[in-house]
Structure formats: structure tokens, C-alpha cells
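The primary structure of each chain is shown beneath.
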Amino acid sequence: MKATPAASAVVILLVVATHPSNGVKVWVPHVSFSDAANWVSANLPTAGQTIVFPSKLNALVSLPEGIWTVSSLILPQQGGLLFPDHSFSLNVVSRDPAAISVAIFNAPGRTPYYSGSNWATYDEQRSTHSTPNAAVPHSERVPCQYELVVFEVGKNMPKPIDMQYHESIEVGNVRFGDTIEGLDSFHSFMSSELGQFLFYNAEDTLIRQGKCANADKCPCQEPRLMDAICSNVRCTVPHCLSPIHPPGHCCPICGSWFRMDMATIKGVFNMQTFMDKLRRKINTGEVDDSGVEFHIGVDRSAGANVVQLIIVDKGEYGEKSTRMMDSLRPFFEKQFSSGFQVTHAGQPHTPLEGGQLLAFVMLTLIVASTFFSIIYVYYYDDVLLPRLRAAVRNRQFFTTPFVFARFDPNNDVDGLSVDVTYPSAVQLANEEREESAALGDDVENHHASSFNNPMYEKPAPKVDPAMEVFDDVELLVK
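Residues numbered from 1 in each chain as written. Predicted model: local features only at pLDDT ≥ 70, side-chain atom pairs only at ≥ 80, totals over all residues. Heavy atoms only, no water.

**What about the overall build of the protein?**
Then comes step 1: Regarding its fold elements, the protein presents ten helices and 25 strands.
Then comes step 2: For the protein, contacts bridging at least 24 residues in sequence account for 68% of all contacts bridging at least 6.
Then comes step 3: Looking at the protein as shown, the accessible area adds up to about 29600 Å², and 55% of this sits on carbon and sulfur atoms. (Helix = DSSP H or I, 4+ residues; strand = E, 2+ residues; numbered from the N terminus. Contact = heavy atoms within 4.5 Å. Areas by Shrake-Rupley, 256 points an atom, 1.4 Å probe, with all protein chains shown as cover.)

See the structure below:
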């Protein structure tokens, strides 16, 4: 058997029947040996295989109880395997090397402490929802400064946690499994050899008591922690006209938002009673609540003390949250005579993305340029438009042999003619003689006292007798 030194520990699992569901956040991601997704082949190892753990496992993995039959076991150099303290047996068998197959375990990655998707309440763990409630603000998805933090240890170990070099983690208390409880004990465990395989980038991180232990008077998080929380959130473009942005949310969302400042409420107001009535109203209302998610809480950020109800659609936004909020308006009017505010995200709307926006701008420029060009040609161009009108009116544009041809604007024929020949030298000489004779007759008839000025006389052009005389041909399109 091939093996390298590895840390080992005994894990004792105690089953607790009930858990307090209020004021507790449980770490969700775990590393499971019995999960096929954690193996390179996406299949669990079978008897007789060589089981290989990566040299840099950088995690703690609990081995399952039972009898193991392997050809060899390769242990990690950085990381640890936790062997059960009972009902565990390891059998190493010899096999033909050509018949031995290998099962390789994937090294689990790290996941941030300040990521809301990594935490859940006991109620959320027992529910069938696979995704977190989108209506809950991001600041309330991670442990609040007055809450108990629980890292459950049993058949599976927690997935490695990245503390991201945060200066301090402020919570009410911490419990790791059933053996470590208390801020001081947990801080000591983080600094231990096993703890360093679970908590990374935590060398200078302090685990200390929150500044306020009363959930009825304190905000869930200090304002300075919002940057750390939102740095692990990837915002998407909301598909609605007027997205809402409730306090504690890192991103604008589509939905409906109710707010009521408790400082303006006259008389005695019991928050717990109001929340119970509101939940019953939503669950038994006329509007189906299966398509929405909601969250009832109190916004105490920046000294506020505001009751808020956030309702969002499950999946794609379709104004179900708006209809749900509108159905609750009579209830709010009965509970509060005035002073509450209701904000809707508006109609569904899909904004243009970067490439779509560029295409839209280019298309708009092309359409605008074409439009103004047509206006210019119609009102100011007196050459092209008349020709086009004549061509369309006579229906001769597409039947004209326009190859190596030109339009003759001086033609007297009421149509389109194409002159495809050039006059010869003899024709030019004859035309000039005729023009000169006509000019001489005109001068003699009207100006008898005038004389021919030799400076203005033009000599007759010399004609090459060998030059071929071509007749002027004019093609008329009928």
C-alpha cells in the first residue's frame, strides 16, 4: 500500500432532535466522499480500485464507515482524511497492474465566508427550495452580528472557507460540530493544523463579539461590511422599467416594496404580531403565492426603524409580486391609517445589452441619414430628381441600353435618347462652316458697315482624306 503521512482525527456525531431556527446561520457547502460529483470520473470508486487523493487536497474529508477494499490508497500531502472511530475496515488486495483502475478525488475549491449563498437557517435547510430566497437582503443572508454561527460536522466536513483577509468577523457566537463552541475556542481551532485546512486567508482575522447583541435594536451588519458582502455578489440587469433597491440588497431587483416607519405609528405596535398576521394574509390571500417569494423584516441601517416587506417573482419577472402587493393594500390601510409607502418595479422590460445597443445606434444613424438625404433631394436637388421622374413616367429606364451610354439633356425628343457615336472631323468642319455662314449672313443683314476682323476668323480645319466618315447615329428608346 502506498501512503504518505496525513492528519487523522476522530469525529463523534451527536444527533440533536430540534434546533432553534431564529438567530442561527448554518454553513451549507460540504465535502462529501460519497458524492459522485467530487470524483474525476463522476462515479463513486468500486472495490479493488486505486484511490488517489490529490497531493494538495487543502481540505478535510471524512471517510465513510464500512469495509474498504482497495489495491492501494494514495494520501494527500496537504490536507487531511478523518477516519471513523468505529465500523471501519481497510483491506488491501493485490491485483494484476494491468487490471487496476484508478479513482481520483477532486480537490474542493474555496468559497467566501461573506457569500449569502453559503448560509441558511435551519428552516431553509429543511425546506425543499434549492435556491436562496431572492427577497432576503444580502446583508441578512450572512450571519448577523448577534446571531449564532454553526458549522455542522458529521458524515461530511465543511467545504474550505475563504476569510478573504478580513480584519474581523463579528457574530454572537460560533459552534463547530459538537466539540468546539465559543469565540475563543473557535479562534484557537482556526489557528490549529486542522483548522488551517478549513479556513484560508485567516491569519490576521479576529473572531469577536458583535457590538450589539439585541436583534430588536441593532442592524444586522455594520455599514462597513456591505462592501465585503457585495464584492461576492454578481448583479444582473433587472428586466423591469423601474427596479427597486431595498436597503441591504447589493443589486436593484424587480418586485414590490412596502415600507412603514415605526416612529410614525400611533399607539402600541407589536412587530411579531404584525408579522404573523401578514404571513397568514399572504398564505391565505386571493393571489396565488406559489409564484412569489417574500421577506418581512426591519431596516435598522443608518439609525432607521422601518418595517419592510419585499416581494419578488420566482424566476422571470411577470408582475406577480405587484399583484400580490396590491392585494395586501386593504390590510395595510386597516393596520396603518397613513404613512406607509408601496413601490412597484413597473412593467417587464428587457434593456438592450452592449452589442444590441451599438446595433440600435448604428441602425438609427442609417435611417436618419437616409431620411434627410431624401428630404434634401426632394426639395433642393433639381438635377437628379427630374431625371428619375422622367424615367419613371416613361417607364424606359430599365429598357435603355445604358452600357457605354450617356444621357443627352439637350435632345429635343420627349424621351430618353442615348448617343453612342462621336462626330467625325469632316462633320465638325461642315458644321463650323454652316455656323460661320449663318453668322456672316446675320452680320451682313444687320450690320452692313461692319468688316471681317482677321483676328477673329478661324481657319478651316485640315481634313485627312484617308479618315473614314462615320454617320451620326442616334438611338431612340421607344
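Next comes the rest of the account.
**Describing the pairing of strand β7 (residues 78–82)**
Then comes step 1: Where burial is concerned, most of β7 is hidden: four out of the five residues are buried.
Then comes step 2: Looking at chain direction, strand β4 (residues 56–62) and β7 are connected through four bridges and run parallel. Looking at β7, one finds that Val-61 is bridged to Leu-81. (Buried < 20%, exposed > 50% of the residue type's maximum accessible area, 1.4 Å probe, protein only. Pairing = 2+ DSSP bridges.)

**Describing unusual backbone geometry**
Then comes step 1: With phi around 55 degrees, Gln-164 is a residue other than glycine that occupies positive phi space.
Then comes step 2: On the secondary structure map, Gln-164 appears in the loop between β14 (161–162) and β15 (168–171).
Then comes step 3: For Gln-164, a relative accessible area of 25% translates into the label partly exposed.
Then comes step 4: Notably, Tyr-165 is not glycine yet its phi reads approximately 55 degrees, a positive angle.
Then comes step 5: Along the polypeptide, Tyr-165 turns up in the loop between β14 and β15.
Then comes step 6: Tyr-165 gets classed as exposed once you look at its relative accessible area, which sits at 61%.

**Here's the deal with the side chain of Asn-58**
Then comes step 1: Locating Asn-58 in the fold gives a position in strand β4.
Then comes step 2: Residues in contact with Asn-58, not counting those within four places in the same chain, are Gln-78, Gly-79, Pro-160, Phe-197 and Tyr-200.

**Some points on the packing of aromatic side chains**
Then comes step 1: This structure, assessed with the given rule, holds 29 aromatic pairs.
Then comes step 2: With 5.0 Å between their ring centres and 85 degrees between their planes, Tyr-113 and Tyr-114 make a pair best called edge-to-face. Across the pair, Tyr-114 and Tyr-113 agree in class, each one buried.
Then comes step 3: Ring centres 5.5 Å apart and planes at 90 degrees place the aromatic pair Phe-151 and Phe-199 in the edge-to-face group. Remark: Phe-199 occurs in strand β18 (residues 199–200) and Phe-151 occurs in strand β12 (residues 148–151); sequence separation between them is 48 residues. For the pair formed by Phe-151 and Phe-199, the shared burial category is buried. (Phe/Tyr/Trp six-rings, centres within 6.5 Å; stacked < 30°, edge-to-face > 60°.)

**As for the sheet that holds strand β23 (residues 341–344)**
Then comes step 1: Spatially, four strands are ordered β21-β22-β20-β23 in an open sheet, and the strand pairing comes out antiparallel. The open sheet has two free edges, formed respectively by β21 (292–299) and β23, since each of these has just one partner strand. Averaged over all neighbouring strand pairs, the angle between strand axes comes to 15 degrees, with direction disregarded.
Then comes step 2: Note that strand β20 (residues 256–261) and strand β22 (residues 306–313) share six bridges and pair antiparallel. Bridge assignment links Trp-257 to a residue of β22, and that residue is Ile-310.
Then comes step 3: Where helix α6 (residues 271–283) meets the sheet, its contacts fall on β20, β21 and β22, and the angle it forms with β21 comes to roughly 170 degrees.
Then comes step 4: In this fold helix α7 (residues 320–335) packs onto β20, β21, β22 and β23, with an angle of close to 145 degrees to the strand it touches most, β22. (Axes fitted to C-alpha atoms, helices over the stretch in contact; angles between N-to-C directions.)

All quantities given are derived from atomic positions and should not be read as evidence of function.
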